[in-house]
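These are the residues of each chain, in order.
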Amino acid sequence: MLEALDADAIRKWSRAALQSLQAHRAEIDDLNVFPIPDRDTGTNLALTMAAADEALLAEPAGGAGDALRALARGAVLGAQGNSGVIMAQLVRGLADAAVNCVVVDSAVLRAGLRLGARQAYDAVADPAEGTILTVARAAADAADAAGATRDGAGLTGLLRSVVLAAENALMHTPEQLPVLARAGVVDAGGRGLVLLLDALECAATGAPSRLTPTGRRARPNRLMQSPRETGSGDYDYEVQYLLDAPDSAIAALRAELGGLGDSVAVVGTGDGVWNVHAHVNDVGGALEAGVEAGRPHRITVVRFADADADADVDVDVDSAPRAGTAVVAVAPGEGLAHLFEAEGVRVVDGRRPSTAEVLAAMRATGASEVVLLPNASQVTGIAEAAAEEARADGIRVTVVPTRSPVQGLAAVAVHDPARRFDDDVVAMAEAAAATRFAEVTIAERESLTSVGICQAGDVLGLIDGEVVEIGRGLVAVVFAITDRLLGVGAELMTVLVGSGATSGLGELVVRHVHERAPLTDVTVYSGGQPNYPLIIGVE
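In what follows, the accompanying structure is described. The shown structure was predicted, so the numbers you read here are calculated from the model rather than taken from an experiment.

## Looking at unusual backbone geometry
One non-glycine residue, asparagine 100, lies in positive phi territory at about 70°. Take asparagine 100: it is sitting in the loop between helix 5 (81-97) and helix 6 (106-123). Assessed through its relative accessible area of 75%, asparagine 100 is described here as exposed. Backbone geometry places aspartate 464, a non-glycine residue, at a positive phi of 50°. Mapped onto the elements of the fold, aspartate 464 is located in the loop between strand 12 (459-463) and strand 13 (466-471).

## Concerning the packing of helix 5 against helix 7 (residues 132-147)
The N-to-C vectors of helix 5 and helix 7 enclose an angle of 20°; their axes lie 11 Å apart at closest approach. The orientation of helix 5 with respect to helix 7, classified from their angle, is roughly parallel. Considering the relative orientation of helix 5 and helix 7, their crossing is right-handed. Touching Ser83, Ile86, Met87 and Leu90 of helix 5 are Ile132, Leu133 and Ala136, all from helix 7.

## So, the environment of aspartate 464
Residue class for aspartate 464 comes out partly exposed when judged on its relative accessible area of 25%. Here the alpha-carbon distance between aspartate 464 and alanine 438, two residues 26 residues apart in the chain, equals 6.1 Å. What aspartate 464 contacts, discounting residues up to four positions off in sequence, is Arg403, Arg436 and Phe437. Reaching out from aspartate 464, the side chain makes a polar contact with the side chain of arginine 436 at a distance of 3.1 Å.

## Section: the sheet that holds strand 3 (residues 273-280)
What the four strands build is an open sheet, ordered 2-3-1-4; its pairing is antiparallel. Taken across any chain shown, the strands that pair with only one partner, and hence form the sheet edges, are strand 2 (261-268) and strand 4 (295-303). Neighbour-to-neighbour, the strand axes of the sheet open up by a mean angle of 10°, direction not taken into account. Two elements, strand 1 (residues 237-244) and strand 4, share seven bridges in a ladder whose sense is antiparallel. Opposite aspartate 244, over in strand 4, you have arginine 295 as the bridge partner. Contacts between helix 12 (residues 250-260) and the sheet are confined to strand 1, strand 2 and strand 3, with strand 2 contributing the most and set at about 160° to the helix.

## Focus on the nonpolar core
Within the largest apolar cluster, 79 residues are counted, with the highest numbers of intra-cluster contacts made by Trp13, Met49, Leu68 and Leu109. Per-element accounting of this core gives the leading share, 10 residues, to helix 11 (residues 188-205). Here leucine 109 is in contact with Leu94, Val104, Leu155, Leu158, Leu159 and Leu200, once residues within four sequence places are set aside. Membership of the second largest hydrophobic core comes to 45 residues, among which are Ala245, Trp274, Val400 and Phe421.

## What about the pattern of salt bridges?
Counted under the stated rule, the structure contains 24 salt bridges. Between arginine 69 and glutamate 59 there is a salt bridge, with the nearest N and O atoms lying 3.2 Å from each other. With a gap of 10 residues between them, arginine 69 in helix 4 (residues 64-78) and glutamate 59 in the loop between helix 3 (41-57) and helix 4 connect regions that are remote in the sequence. For arginine 69, a relative accessible area of 45% gives the class partly exposed.

## Section: the packing of helix 6 against helix 7
Where helix 6 meets helix 7, the axes come as close as 9 Å, and the angle between the chain directions of the two elements is 155°. When the axes of helix 6 and helix 7 are compared, the pair comes out roughly antiparallel. Judged by the sense of rotation from one axis to the other, the crossing of helix 6 with helix 7 is left-handed. Listed contacts from helix 7 to Arg110, Leu113, Arg114, Ala117, Ala120 and Tyr121 of helix 6 are Leu133, Thr134, Ala136, Arg137, Ala139, Ala140, Asp141, Ala143, Asp144 and Gly147.

## Brief notes about the pairing of strand 9 (residues 436-442)
A large share of strand 9 lies buried, amounting to five of its seven residues. Two elements, strand 9 and strand 12, share five bridges in a ladder whose sense is antiparallel. Across the sheet, the residue bridging to threonine 441 is leucine 460, located in strand 12.

## Re the pairing of strand 5 (residues 325-331)
Judged by how many residues are buried, strand 5 sits mostly within the fold: six of seven residues are covered. Sheet topology places strand 5 next to strand 7 (residues 369-373); five bridges connect them, and they run parallel. Pairing of alanine 326 across the sheet is with valine 370, part of strand 7. In this structure, strand 5 lies alongside strand 6 (residues 346-349), joined through four bridges in parallel fashion. Residue valine 330 lies in a different strand from strand 6, and its bridge partner there is valine 348. Read as a crossover between parallel neighbours, the route from strand 5 over helix 15 (residues 334-342) to strand 6 is right-handed.

## Focus on the sheet that holds strand 5
Each strand in a sheet pairs with another by means of backbone hydrogen bonds, the pair being arranged parallel or else antiparallel. Judged by pairing direction, the sheet is parallel, and its four strands sit side by side in the order 6-5-7-8 without closing on themselves. Every interior strand has two partners, whereas the edge strands, strand 6 and strand 8 (396-399), have only one. Across the sheet, the mean angle separating the axes of adjacent strands is 20° when strand polarity is ignored. In the packing of helix 16 (residues 355-364) onto the sheet, the strands contacted are strand 5, strand 6, strand 7 and strand 8, and the crossing angle to strand 6 comes to about 165°.

## Regarding the environment of leucine 200
For leucine 200, the location among the structural elements is in helix 11. With a relative accessible area of 3%, leucine 200 lands in the buried category. When the C-alpha atoms of leucine 200 and alanine 16 are compared, they prove to be 7.9 Å apart, with 184 residues separating the residues in sequence. In contact with leucine 200, other than residues within four places in its own chain, are Leu5, Trp13, Leu109 and Leu159.

## Description of the side chain of histidine 277
Among the secondary structure elements, histidine 277 is positioned in strand 3. For histidine 277, the side chain forms a polar contact with the side chain of glutamate 238, separated by 2.7 Å. Once you skip the residues sitting within four places of it in the chain, histidine 277 turns out to touch Gly81, Asn82, Val85, Glu238, Val239, Gln240, Ser263, Val264 and Ala265.

About the thresholds
Numbering of residues starts from 1 in every chain and runs along the sequence as written. In view of the model being predicted, local features appear only for residues whose pLDDT reaches at least 70, and side-chain atom pairs are presented and counted only at 80 or more, with totals across whole chains, interfaces and linings using the full set of residues. Note that the side-chain values use all heavy atoms of the structure and ignore hydrogens as well as water. The numbering of helices and of strands both runs from the N terminus, where a helix is a DSSP run of H or I of at least 4 residues and a strand a run of E of at least 2. Accessibility here uses a 1.4 Å probe with only protein chains present; expressed as a share of the type maximum, an area under 20% marks a residue as buried, one over 50% as exposed, and anything in between as partly exposed. With axes taken as lines fitted to C-alpha atoms, and helix axes fitted only over the stretch in contact, angles between N-to-C directions fall between 0 and 180 degrees. Throughout, the term roughly parallel applies to angles under 35 degrees, roughly antiparallel to angles over 145, roughly perpendicular to angles from 65 to 115, and oblique to all others. A clockwise turn of the near helix away from the far one marks a right-handed crossing, whereas an anticlockwise turn of less than a right angle marks a left-handed crossing. We call two residues in contact whenever any of their non-hydrogen atoms come within 4.5 Å of each other. Side-chain atoms alone can form a polar contact between residues adjacent in sequence; in general such a contact is a pair of N or O atoms within 3.5 Å, and within protein one must be able to donate a hydrogen while the other accepts it. Pairing between strands is defined by DSSP: at least two bridges between the two strands are required. As used here, the term nonpolar core means buried Ala, Val, Leu, Ile, Met, Phe, Trp, Tyr and Cys residues forming a set that is joined through side-chain atoms within 4.5 Å. Any carboxyl oxygen of Asp or Glu that lies within 4 Å of a side-chain nitrogen of Lys or Arg is treated as forming a salt bridge with it. When the strands point away from the viewer, a crossover counts as right-handed if the route from the first strand across the helix to the second turns clockwise.

None of the figures reported here should be taken as evidence of function without further support.
Written as C-alpha cells, this is what we have:
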C-alpha cells in the first residue's frame, strides 16, 4: 500500500481508469438519460480518458505533479461530451493542487478533490444536482472529513472514504433528478466518476476493484419525455470545440452560450486553451460566440436526431419540395460577387443587405439545407434574423460567423455538397476560423482606437477587427499590417482590392510579400468592395 502517489502510481491509475471505463462503457451508455438520452456518456468518458492516458504516455519522466499536469491537459484537450468535459476539470483540480509536487500525499489529494469539484461547478453555466457534480462534491466532502480523523488521515484510508461517499452520492442521484427516477437509473456521469476514483484507490492499494455493476437499465424513452428543470431536450445540436482565448473572455462566452442553450461547460488547460461544450439550436451562434472570444478549432457538431436510431424523420413544411444543400453569401462588391458565384454560391448584395433580401436568397436556392455566410460583423444580426424566418419555412439553416469576405472565401473553398450537412458546416467553420483577416480603411472622423487617437482622413489598419496601425500613407499602412500578418506565419495570402484603391496597389503587396516571405503564395483579386481599399486574408 502506498501512502503517497508518485509518477508511476499516476500512470497506473490512468491505465486502470481507462480499462475500467472501457469495460463499463456499455453499462454507462445505457444509464445515460440526462441531460439528453443519447446513450453516449460511457463512450465519451472512455474517449476522454484515452486522450488523457495518451498525453501522459508522451510525458517525459518527472514527478507526480508533472504526470498529473500531462494527464489533465490531455483530458481537457480530448474531452468528449458534457461529462467528459467535467471529468477533465476534476482531473485538472488534482493537477493544480499538485504543482511542483514530486509525490501526492493525502493532504494534496484532499486539496485537489476540493479544487476539482469547485472548478467543475464553475465550469458549468447552469449546474444541476444529481449529476457528476454532486458526486464530485460528495467525494471532496468525504476527503475533508477523513482528513480530520486519525484513521482516515492516510492516503489509503482517505481513498476508501472517498470512494464510499461517491458511491453513496451516486445511489441518491435519482432523488435529486426526477428524470433519473422516471428512468430507473443513477446518473451516468456520476457512475463514471465513481469508476475513476475506484481506479485511483486500486492504484494506491494494489487491491482489485470492489465495485459491481449498478444492475440498472434505462426504461423506454417514452417514460423520459416530461420536462426537466435543466438539460432540456428542446435543443437539437451538441456543439463542442477547442478555443484559444484569454481567461478574461470566458465569463462572457459562458453567458453567451447560456443564452443560446444549455449543458454549457467551458474548461481550460490553464495555459489559454479551453474545451467548450453546449447544447443549442443555433449552431452558428455558438460558433460565433467562440470567434468573439478567441480562435475556435477542432469543431464538432452532433445532431441528436442523427444519434438516435429511433429519431423521427424531419418533415419539410414548404409547399414546394426542397432538396440538397446550398450556400448563400453576402458580398459587398461586384468582384466579390463574381468570386462567390463562380463557386456556385448564391449572392446577396452586401452594401446594404436587408433581412428580406437574405431570406429571399435562401428561399430561391430551393435547398432544404443552407449555409449562410454574412462576411461582416455588422451583417451577422441581419443574417441571424433571416435564418430564423427561413427555419420557420422548414429550411435548415446554419450561419457560419464569417466576419470578412476572405473568411467566407476560405469557407467556400472547403464546401462539399456531397458531405453530410453537419460535417460540411464544421469544415467551413474551421476554415473560416483559421483565416486571419486584415482591412485598410480611411477614418471618417476623430476617434479613440486601441492604439491611440485617429483624425479624419487617417489611414487605419485593422487585424481581426481591431485597429493596429494609424498612418497618413495608404501604402505604408498596408505594408505595416502585411508585415504583422507575415510575422505569425502565412502559407496562403488572399488580397482583395477595393473600389477606392490606388492603381497597382495589389501588385505592390505581392512584391512586398515576396521580398519578406518568398514561400508565401499570394493571390490578388479585384473585390470592388467600398470603404476598404484593401482586405487581406492569411491561412
